[in-house]
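Structural characterization, general
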Amino acid sequence: MGKNKKSLLPIKAHYFFFMTGMGCILPYAVVFGKQLGISEVAIGCITSILPFIFLLFKPVFGFFIDYFQDYRKLIFIVLLFSTTCFFVLLETVPFNNKSHLSIESSMCFNSSLCENQVLNDHSCIILKTNESIPLEELCNNLNKTTTLSVCNIYCELKNTDSLYYSGTFWTFTLFMSLGSIGYNVANSVSDAICFDMLGDGGQPYYGQQRVWGSAGFGIGAFLGGFLVDKWSSDLSIKDYTPAIIFAAVFGAVDLICCSKLKLPKVNKSDNILKEVLALIIKPHITTFLCFAVCVGFCDSFIMVYLLWYVSFYLYF
């Protein structure tokens, strides 16, 4: 038993460091996109297409690894390296600093604010305690000599059509999509490798390995958010550089851990489609798949839009 526990340390370490690195950047990817000026609809379109790509890539990649069994570990390491690189490359996405404006501790209403030509190109919201008021509404309905209490103003460009033809949008979409594909494929391959290492009868111990990934993701998400807030405390926009750096560091440590994996030989399937079909028709497997689809459907709203809207109210 001691030997078995020791042999499983690399897979535990992989789960922890890989998920910690992903936790530093993955939860904030869509918020980063929002900061670039990308709309909710555009983000929704991107994230709605990606699951179908995951569905295609996972079995293809699994077949590829099964076919080249002697190179399983190398292929797995290349996959992890590529995934981390794609997320790290988000740092290179060109930023349009006119897509968002923030004015802190401004007088909420005065003539200069309404006559500001820069703000006229933006859709602005005045943020006060428990209240948000469109700037345009105040400018149209109130006397321009009126001054209200001090508050904060958050603005987004009204016309963002040109953004979707720009390098900013397409580089963000490319790197986020490739990173997300790699992350989801890597998760499935990690689980397959874990079960291979556990061997016959070892399935009940899977949770003891996977829990390290859950812990790592939580730690990474907290660490990434904390560092970004601290790093950006004096900036009008969030700078995700610290989170990206830590994602790269944890990713590098993960690669070292994966180099220590000792993967057992596994028998190739003669007819994988037949075996998969035999599993799917079992009632408890079908029930589990339906449950997983429903949970995934509901979870997608939280994963994509929770921080999107929370970030608006906590922007200041």
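Residues numbered from 1 in each chain as written. Predicted model: local features only at pLDDT ≥ 70, side-chain atom pairs only at ≥ 80, totals over all residues. Heavy atoms only, no water.

Under the annotation held in an unreviewed UniProt entry, the chain carries the name Major facilitator superfamily associated domain-containing protein and is attributed to Clastoptera arizonana. Here is the UniProt Subcellular location (unreviewed entry) comment for the chain, exactly as written: "Membrane". Among the UniProt annotations of the chain, the heading Sequence similarities (unreviewed entry) holds the following wording: "Belongs to the major facilitator superfamily. MFSD6 family." (UniProt positions renumbered as here; feature names shortened; annotations may be inferred.)

**What about the UniProt feature "transmembrane region" (unreviewed entry) in the chain?**
Here the UniProt-annotated "transmembrane region" (unreviewed entry) positions come out as residues 13-31, 43-65, 71-90, 211-228, 240-263 and 284-310. Each end of residues 43-65 is marked by a C-alpha atom, and these two atoms are 32 Å apart; helix forms 100% of the span and strand 0%. (Helix = DSSP H or I, 4+ residues; strand = E, 2+ residues; numbered from the N terminus.)

**Observations concerning the pattern of salt bridges**
With the rule as written, the count across this model stands at three salt bridges. Arg72 is the salt-bridge partner of Asp196, the closest N and O atoms lying 3.1 Å from each other. Residue Asp196 is located in helix H9 (residues 167-198), and its partner Arg72 is located in helix H5 (residues 72-88); the two are separated by 124 residues in the primary sequence. (Salt bridge = Lys/Arg side-chain N within 4 Å of Asp/Glu carboxyl O.)

**Some thoughts on the packing of helix H2 (residues 9-25) against helix H10 (residues 206-231)**
Helix-helix packing is characterised by the crossing angle of the two axes and by the distance between the axes. Packing of H2 against H10 leaves a shortest axis separation of 6 Å and a crossing angle of 25°. For the element pair H2 / H10, the angle class is roughly parallel. With respect to the hand of their crossing, H2 and H10 are arranged in right-handed fashion. Along its contact with H2, which presents Ile11, Lys12, Tyr15, Phe16, Met19, Thr20, Met22, Gly23 and Cys24, the element H10 presents Tyr206, Gln208, Gln209, Arg210, Trp212, Gly213, Gly216, Phe217, Ile219, Gly220, Ala221 and Gly224. The residue inventory of the contact of H2 with H10, partitioned by class, reads eleven nonpolar, eight polar and two charged. (Axes fitted to C-alpha atoms, helices over the stretch in contact; angles between N-to-C directions. Parallel < 35°, antiparallel > 145°, perpendicular 65-115°, else oblique. Left-handed = near helix turned anticlockwise from the far one by under 90°. Contact = heavy atoms within 4.5 Å. Nonpolar A, V, L, I, M, F, W, Y, C, P; charged D, E, K, R; others polar.)

**Some thoughts on H2**
Between its first and last C-alpha atoms H2 spans 25 Å; for 17 residues at 1.5 Å apiece the expected length is 24 Å, and the two agree. Summarising burial for H2: 14 of the 17 residues are buried, a large majority. (Expected span 1.5 Å × (residues − 1). Buried < 20%, exposed > 50% of the residue type's maximum accessible area, 1.4 Å probe, protein only.)

**Points about the nonpolar core**
Ile11, Ile38, Leu90, Phe172 and Val189 are the most contacted members of the largest nonpolar core, which has 57 residues in total. For this core, the secondary structure elements donating two or more residues are H2, helix H3 (29-35), helix H4 (40-67), H5, H9, H10 and helix H11 (241-258). Among the elements that line this core, the one with the most residues is H9, at 13 residues. (Core = buried A, V, L, I, M, F, W, Y, C linked by side-chain atoms within 4.5 Å.)

**Looking at the packing of aromatic side chains**
In this structure the tally under the stated criterion is 14 aromatic pairs. Taking 6.0 Å as the distance between ring centres and 55° as the angle between the ring planes, the aromatic pair formed by Phe32 and Phe172 counts as tilted. Here Phe172 lies in helix H9 and Phe32 lies in helix H3, a separation of 140 residues in the sequence. Residues Phe32 and Tyr240 carry aromatic rings whose centres are separated by 5.6 Å and whose planes lie at 80° to one another, so their mutual orientation is edge-to-face. With Phe32 in helix H3 and Tyr240 in the loop between H10 and H11, this pair connects stretches of sequence that are 208 residues apart. Each member of the pair, Phe32 as well as Tyr240, is classed as buried. Through a chain of ring-to-ring contacts, three or more aromatic side chains come together here, namely Phe16, Phe17, Trp212, Phe246 and Phe250. (Phe/Tyr/Trp six-rings, centres within 6.5 Å; stacked < 30°, edge-to-face > 60°.)

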